[in-house]
Each structure stands twice: as structure tokens, then as C-alpha cells.
Amino acid sequence: MAKVTELGYLGLSVSNLDAWRDYAAGIMGMQVVDDGEDDRIYLRMDRWHHRIVLHADGSDDLAYIGWRVAGPVELDELAEQLKNAGIPFEVASDADAAERRVLGLVKLHDPGGNPTEIFYGPQVDTSSPFHPGRPMFGKFVTEGQGLGHIIIREDDVEEATRFYRLLGLEGAVEYKFALPNGAVGTPVFMHCNDRHHSLAFGVGPMDKRINHLMIEYTHLDDLGYAHDLVRQQKIDVTLQIGKHSNDEALTFYCANPSGWLWEPGWGSRPAPAQQEHYLRDIFGHDNEVEGYGLDIPLKGLDIPA
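Residue indices begin from 1 for each chain and proceed along its sequence in written order. Selection of residues for local features in this predicted model requires a pLDDT of at least 70, selection of side-chain atom pairs for listing and counting requires 80 or more, and totals for whole chains, interfaces and linings are taken over all residues. To get the side-chain values, take all heavy atoms of the structure and skip hydrogens and water.

### A short note on helix α2 (residues 72-84)
Taking 1.5 Å of rise per residue, 13 residues should cover 18 Å, and α2 covers 18 Å from first to last C-alpha, within 8% of that figure. Looking only at α2, the buried set comprises L75, L78, A79, Q81 and L82. All buried residues of α2 lie within an arc of 155° about the axis, which places them on one face of the element. The exposed set on the far side of α2, more than 90 degrees from its buried face, consists of V73, D76, K83 and N84. Residue contacts are defined here by distance: any two heavy atoms, one from each residue, within 4.5 Å place the two residues in contact. Helix and strand assignments follow DSSP, with helices taken as H or I runs no shorter than four residues and strands as E runs no shorter than two, numbered in order from the N terminus. In this structure, the buried residues of α2 make contact with β7 (104-109), β8 (115-120) and α4 (157-166). Looking one or two residues beyond α2, the residue adopting positive phi is G86, at roughly 75°. Expected span of a helix, by definition, is 1.5 Å for each gap between consecutive residues, and there is one gap fewer than residues. In this scheme, a residue with accessible area under 20% of its type's maximum is buried, one over 50% is exposed, and one in between is partly exposed, where area comes from a 1.4 Å probe on protein chains only. This arc corresponds to the set of directions leading from the helix axis out to the C-beta atoms.

### Description of the domain arrangement of the protein chain
When its domains are assigned, the protein chain resolves into domain 1 (4-120) and domain 2 (147-285). What counts as a domain boundary in this text is fixed by an automatic or database domain assignment. Placing the centre of domain 1 and that of domain 2 at their C-alpha centroids yields a distance of 20 Å. Contact with domain 1, which involves 43 residues of that partner, is made by 37 residues of domain 2. Summed over both partners, the accessible area lost on bringing two parts together, with a 1.4 Å probe, is the buried area. For the domain 1 and domain 2 pair, buried surface summed over both sides reaches about 3,200 Å², with 69% attributable to carbon and sulfur atoms. When the area that domain 1 buries against domain 2 is broken down by residue, the three leading residues are Y23, I27 and M28, summing to 19%. Any carboxyl oxygen of Asp or Glu that lies within 4 Å of a side-chain nitrogen of Lys or Arg is treated as forming a salt bridge with it. Between domain 1 and domain 2 we count 0 salt bridges in total. Here a polar contact is taken to be a pair of N or O atoms separated by no more than 3.5 Å, where protein atoms must pair a possible hydrogen donor with a possible acceptor and residues adjacent in sequence count only if both atoms sit in side chains. On the surface where domain 1 and domain 2 come into contact, there are 15 residue pairs in polar contact (both at pLDDT 80 or more).

### Remarks on the sheet that holds strand β6 (residues 90-91)
For two strands to be treated as a pair, DSSP must find no fewer than two bridges joining them. With respect to topology, 8 strands assemble into an open sheet ordered β2-β3-β4-β1-β5-β8-β7-β6, the strand pairing being mixed. In this open sheet, the two strands that pair with only one neighbour each are β2 (31-33) and β6. Sheet analysis places β2 next to strand β3 (residues 40-44), joined by 3 bridges and oriented antiparallel. Opposite Q31, over in β3, you have R44 as the bridge partner. Lines fitted to C-alpha atoms define the axes, with helix axes restricted to the stretch in contact, and inter-axis angles between N-to-C directions lie between 0 and 180 degrees. Strand contacts of α2: β7 and β8, with the helix running at about 145° to β8, the strand carrying the most contacts.

### Quick notes on unusual backbone geometry
Of note, the phi angle at R101 is positive, near 60°, even though the residue is not glycine. Looking at the secondary structure, you find R101 in the loop between α3 (94-100) and β7. The residue H285 is not glycine, and still its phi comes out positive at about 60°. The topology assignment puts H285 in the segment after β19 (283-284). We classify H285 as buried; its relative accessible area is 1%.

### Some thoughts on the side chain of H49
Along the chain, H49 falls in the loop between β3 and β4 (52-55). A distance of 2.9 Å separates a polar atom in the side chain of H49 from a polar atom in the side chain of D35. Excluding residues within four positions of it along the chain, H49 makes contact with V33, D35, Y42, R44, R101, Q123 and D125.

### A look at the sheet that holds strand β14 (residues 199-201)
Judged by pairing direction, the sheet is mixed, and its 9 strands sit side by side in the order β10-β13-β14-β9-β15-β18-β17-β16-β19 without closing on themselves. The open sheet terminates on both sides in strands that have one partner only, identified here as β10 (170-173) and β19. As defined by bridge partners, strand β16 (residues 237-243) adjoins strand β17 (residues 250-255) across 4 bridges and the pair is classed as antiparallel. Pairing of L239 across the sheet is with Y253, part of β17. Sheet strands in contact with helix α5 (residues 220-232) are β15 (210-217), β16, β17 and β18 (261-266), and its direction is about 30° off that of β17.

### Things to note about the UniProt feature "domain: VOC" (unreviewed entry) in the protein chain
UniProt positions are given in the numbering used here, feature names are shortened, and annotations may be inferred rather than shown by experiment. With numbering matched to this structure, UniProt assigns "domain: VOC" (unreviewed entry) to residues 6-121 and 146-267. Across residues 6-121, the secondary structure splits into 27% helix and 36% strand, with the terminal C-alpha atoms separated by 12 Å.

### Description of helix α1 (residues 17-27)
Inspection of α1 places L17, W20, Y23, A24, A25 and I27 among the buried residues, and these make up the whole buried set. The opening residue of α1, the one whose side-chain oxygen lies 3.2 Å from the backbone nitrogen of D18, is N16. In the stretch just after α1, G29 is the one whose phi turns positive, near 100°.

### A word on the nonpolar core
We call a set of buried Ala, Val, Leu, Ile, Met, Phe, Trp, Tyr and Cys residues a nonpolar core when their side-chain atoms join them within 4.5 Å. If you look at the biggest cluster of nonpolar residues, it comprises 76 residues, and the most contacted ones within it are I118, Y164 and W262. Structurally, this core is a two-domain feature, drawing no fewer than three residues from each of domain 1 (4-120) and domain 2 (147-285). Here I118 is in contact with V4, W67, V69, L75, L78, L82, G104, L105, V106, L108 and L167, once residues within four sequence places are set aside. Y42, V53, A63 and L105 belong to the second largest nonpolar core, which has 12 residues in total.

### Describing the pattern of salt bridges
In the structure shown here, the tally under the stated rule is 17 salt bridges. Here R231 and E288 are joined by a salt bridge, their closest N and O atoms 2.8 Å apart. With R231 in helix α5 and E288 in the segment after β19, the pair connects residues that are 57 residues apart, well separated along the chain. R231 sits in the partly exposed class, given a relative accessible area of 32%. Assessed through its relative accessible area of 35%, E288 is described here as partly exposed. Taken together, the shared-partner salt bridges in this structure form one network comprising E37, D39, R40, E99, R100 and E117.

Okay, here's the thing in C-alpha cells:
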């Protein structure tokens, strides 16, 4: 069975490219790449040409998700798996592949309607060193793990779980936390490599396709530096600094210029070999600013019997 190997890239639709330049480079440390295209710029995190494309179309939401496979044989095998499962997809043209700076890809939608791409052969610019957009003590955790993780909108959690297992991701429910309305939240976390999770869903209703993107630094000081800059610029923080129980990452959640969240982090552990679940986070992650879809008690509340 062919499997995806990492969350390779994201396309984001944005309304203010200048604000995004300042945010992604000046606060988070990414390198901005401008290839002279009027409708987009690229964000670099490592030797790849880009990990994120910012499309200036004004919708301020997730535009597409790119999942990597090892090569053309694996792409063909995964396309056959999709065909056998009755999932429609489109083999992208050479022009579409060149636009994404990959050698080949197929396009489809996941059960939540999120535009999804499966690709191989990303453009890796080894001749051009990564230059962070602001001083950094280390770099981003990407090698062998992908660009980070995302939480996306999926109305049918069971169907979404089946779909992503078909792509080769593994995982299930990892938290059970009581919600203020008396319900119990049971989000699903899924991984495809050593990163604890590349994808999660099932956190409840969402206005946008994406709730947040997590990026990880190799050095704790870069997380602290980003946190200081966010505070200095009075950017909304929805969850204060804390440590998750599942990936054990130290993180905080802050708004981006498109009105959803980024989660800078450090120190995540690999995915465990066997499933576990948790009732609360280790510490922190207190709610601060509401209205971004993460008004959940990660410090723990009593679970109804």
C-alpha cells in the first residue's frame, strides 16, 4: 500500500500580502521568496523552494494541502487506491505541476471539502541556503517530518479518518476533554512519519477550513523570541504558553493576519508506537482571547460519567 510521507506544503489564500510578509518573516522567522508573480509570494523554511504559498485572492483561508509521496511509482499506486475506493481525483497537467514546483501530482478533495494534492519530487534549492526573515538561534523542524501540523474542518470525523487512513496516515482519538456545554471533545490526531501528528480534526464547528498551523523550532530561544515579538506587537494570543500532553511540545497560539491561528512550538516528542489518550494538558495553555475556535479547557475539567 502506497502512503504519504509528510505534510509537504500548504497554499493559503490571503488578503494582505504585506501584513503576511511582516508576520511570517519578521515574527516567525521564515524566508520570503518573491519570484515576481503579482498574485503570490512564497515562504521558505528549509532548502525547499517553499513550504507555504501565499495567494493574494482575499479569502483568508486554506487554499490547498500538499501531501508528499516518495516518487512516481508511489503516486500511481496511491491514485489506484483512490480509484478503487471510488474517490474522484484529477491527474494534474505538467503546467500545474510546474506551478507547484513538483514533478507530478494529483488533485482531489477530502471529505470536508478541503482541496488536497498528492505530489512527488519537490524543488529543493540546495544551492540557495535558507536565510531566516529575522535572526534565529536555530532552524525549523522539517527534515523527515514535513512543515508542521494542521487542524482542519471535518464535519464527518469517521469518514475523514477512513479517508486519511487510505492515504497512509495513522492515528485516532488522543484527548477526551469536557466542554463548557457538557459535551466531551474527542479530536483525532494522525501521523505519517516521526512527527507526533501532521493532521488533526474533530475539534468542533469551524468557520474556516483551517483552525491552526503548528510550526516547530529546533531551539527553545526561537520560540521565546517569537513570543516576545507577538506580545510587543499586541497580536491576539488565544492560548497562552503551555505544554501538550500528547506531543509534549511547548507552544502558544496566536492570530495571523488572516484571522486564524498559528502555533509556534518547540520540543515535540515522536509519535508513540501505541495509542494513548489524555484528559488535560501538562501545564499552561490558559484561554486568553476568545473567538478563534479554541475556547476549550485544555487544563482539564471533570469528564461526565
